[in-house]
Amino acid sequence: LPEDGLEFRDLFLKSCEKADIPTTLLTRDEALNLEPELNSDLLSAVEVPDGSIDPFSLVIENARDAEKHGASFLLHTDVRSIQVDKDKIIGVRAKDHFQGEEHIIDTRYLINATGAWANRFLNLAGLGLDMALSKGSMIITNQRITQRVINRCRRPSDGDILVPNGLVSILGTTSIRLDYVENFEVTSSEVALLMKEISRMIPVIQGTRFIRSYAGIRPLVLPEEKEDDRAISRGFALIDHEKRDGLKNLITVTGGKLITYRLMAEKTSDLLCQKMGIQTSCSTHLKSLPGKGKPCDLKERLKEIRPALGKGGEIICDCEIVGRKELEDSLKKGDLKDLQDILHRTRLAKGTC
Ligand SMILES: Cc1cc2nc3c(=O)[nH]c(=O)nc-3n(C[C@H](O)[C@H](O)[C@H](O)COP(=O)(O)OP(=O)(O)OC[C@H]3O[C@@H](n4cnc5c(N)ncnc54)[C@H](O)[C@@H]3O)c2cc1C
């Protein structure tokens, strides 16, 4: 945009070249042709092979894949205490915060992968980790506004990204330093800021209806204090607590970004195997993501559901094409404890309705 100038664009182009990311420089008209809702004041645009994922299915497909390999999950269950015996963790106590059920779990090895909660988790074992907690808020429109992810071409700052996700678009984000990891909320000033900034890129935002907002906390591991949390490294920390604290069977993995999650898992598995004396290296990075090939766009979902419709099948949520059978199947699994568990698995009611 005119107020951003072209200096950052040129730096961005050079950096992409260094990182081997292909770019196409677009004129104003070419950009508007691809994405008609862009602000027509734009000077130029850069097309890169960016993309977005559905985080709900990514997490669930990974969990299902892990279950096939012998893992089990306790939903809505927190580790509340850690039992240490000399230089080893011997067990944890966990509590289901819906049903109150307590679990005592013996541990041969314990991996702390609690994201922004990593320091609080370590406190249970008398340890700690210097982290910055950076809240980011997002708002969701009732319709998909662009076909592509649109990023403002300037140094990272508030309200500089619009991400299409299925039938809706997500506007992000803010960055606010917090001292705590619980009870954080999206404030009205953040919503106003996001709308103001993003409507510079996409003017139609000013008159768009919003259906939801949410916030998350970025787990940033602190190498040193810096002014803006976005400047803190998004690299991840993998800590062998045997080396750092003399606790033999504890590993922490935190920081990073969702985009690096497979690399984080790979390095963590390799470290665990090394500690267990197992020679095999992690191989998941050579395999396709779990869930590959599952229908994700609405046309494909409709095709999948259609055969059941003539035989008493029913669509429960028109916006996200969720069939009665899919909903009943997920209820039958029995491990779901609240409404969000169902919505995350089916996308029921995640759209305009
Ligand atoms: C606003 C925002 C925008 C972002 N945008 C992007 C982006 O565009 N691209 C990108 O790649 N990344 C992005 N990220 C970063 C990404 O979301 C995080 O890096 C990622 O979610 C971290 O994953 P994680 O599994 O380490 O932690 P989390 O996803 O936070 O998972 C940690 C889990 O541990 C659980 N837990 C905590 N304490 C305990 C306990 N005592 N016992 C049991 N369980 C516990 C928590 O409930 C939680 O489920 C963004 C983050 C935010 C906040």
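Note that the structure is a prediction, hence the values are computed from the model and not measured. (Residues numbered from 1 in each chain as written. Predicted model: local features only at pLDDT ≥ 70, side-chain atom pairs only at ≥ 80, totals over all residues. Heavy atoms only, no water.)

### Looking at the domain arrangement of the chain
Then comes step 1: Annotation of the chain at the domain level lists domain 1 (2–49 + 132–221), domain 2 (56–130 + 229–286) and domain 3 (298–346).
Then comes step 2: With centres defined by C-alpha atoms, the gap from domain 1 to domain 3 works out at 31 Å. (Domains from an automatic or database assignment.)

### Side note on the site of the ligand
Then comes step 1: Around the ligand lies a shell of 18 residues, among which Val79, Met138, Lys257, Leu258 and Ile259 are the nearest.
Then comes step 2: A distance of 3.5 Å separates an oxygen atom of the ligand from a polar atom in the backbone of glycine 256.
Then comes step 3: Isoleucine 259 places a polar main-chain atom, nitrogen or oxygen, 2.7 Å from an oxygen atom of the ligand.
Then comes step 4: Computed on the free molecule, the ligand has an accessible area of 1,000 Å², of which 62% lies beneath the protein chains in the complex. (Near = heavy atom within 4 Å. Polar contact = N/O pair within 3.5 Å; in protein donor to acceptor, adjacent residues only side chain to side chain. Areas by Shrake-Rupley, 256 points an atom, 1.4 Å probe, with all protein chains shown as cover.)

### Observations concerning the sheet that holds strand S14 (residues 250–255)
Then comes step 1: Strand order in this open sheet of 3 strands is S6-S14-S13, and the pairing throughout is mixed. Each having just a single partner strand, strand S6 (110–112) and strand S13 (236–240) make up the two edges of the open sheet. Put simply, the sheet's adjacent strands are angled 15° from each other on average, direction ignored.
Then comes step 2: As paired elements, S13 and S14 share 5 bridges and run antiparallel to each other. Bridged to phenylalanine 236 within S14 is glycine 255. (Pairing = 2+ DSSP bridges. Helix = DSSP H or I, 4+ residues; strand = E, 2+ residues; numbered from the N terminus. Axes fitted to C-alpha atoms, helices over the stretch in contact; angles between N-to-C directions.)

### What about the packing of aromatic side chains?
Then comes step 1: Applying the stated criterion to the full structure yields 1 aromatic pair.
Then comes step 2: A centroid spacing of 6.5 Å and a plane angle of 25° characterise the contact between phenylalanine 8 and phenylalanine 12, whose relative ring orientation is stacked. Pair noted here: phenylalanine 8 and phenylalanine 12 are both in helix H1 (residues 7–18), with a separation of 4 residues, about one helical turn. (Phe/Tyr/Trp six-rings, centres within 6.5 Å; stacked < 30°, edge-to-face > 60°.)

### Let's talk about the environment of threonine 252
Then comes step 1: By the secondary structure assignment, threonine 252 is in strand S14.
Then comes step 2: Looking at threonine 252, the relative accessible area reads 0%, which means it is buried.
Then comes step 3: In this structure the C-alpha to C-alpha distance between threonine 252 and aspartate 20, which are 232 residues apart in sequence, comes to 31 Å.
Then comes step 4: If we ignore the near neighbours within four places in the chain, the residues touching threonine 252 are Asn112, Ala118, Leu122, Leu129, Ala237, Leu238, Ile239 and His241.
Then comes step 5: There is a polar contact of 2.6 Å between the side chain of threonine 252 and the side chain of histidine 241. (Buried < 20%, exposed > 50% of the residue type's maximum accessible area, 1.4 Å probe, protein only. Contact = heavy atoms within 4.5 Å.)

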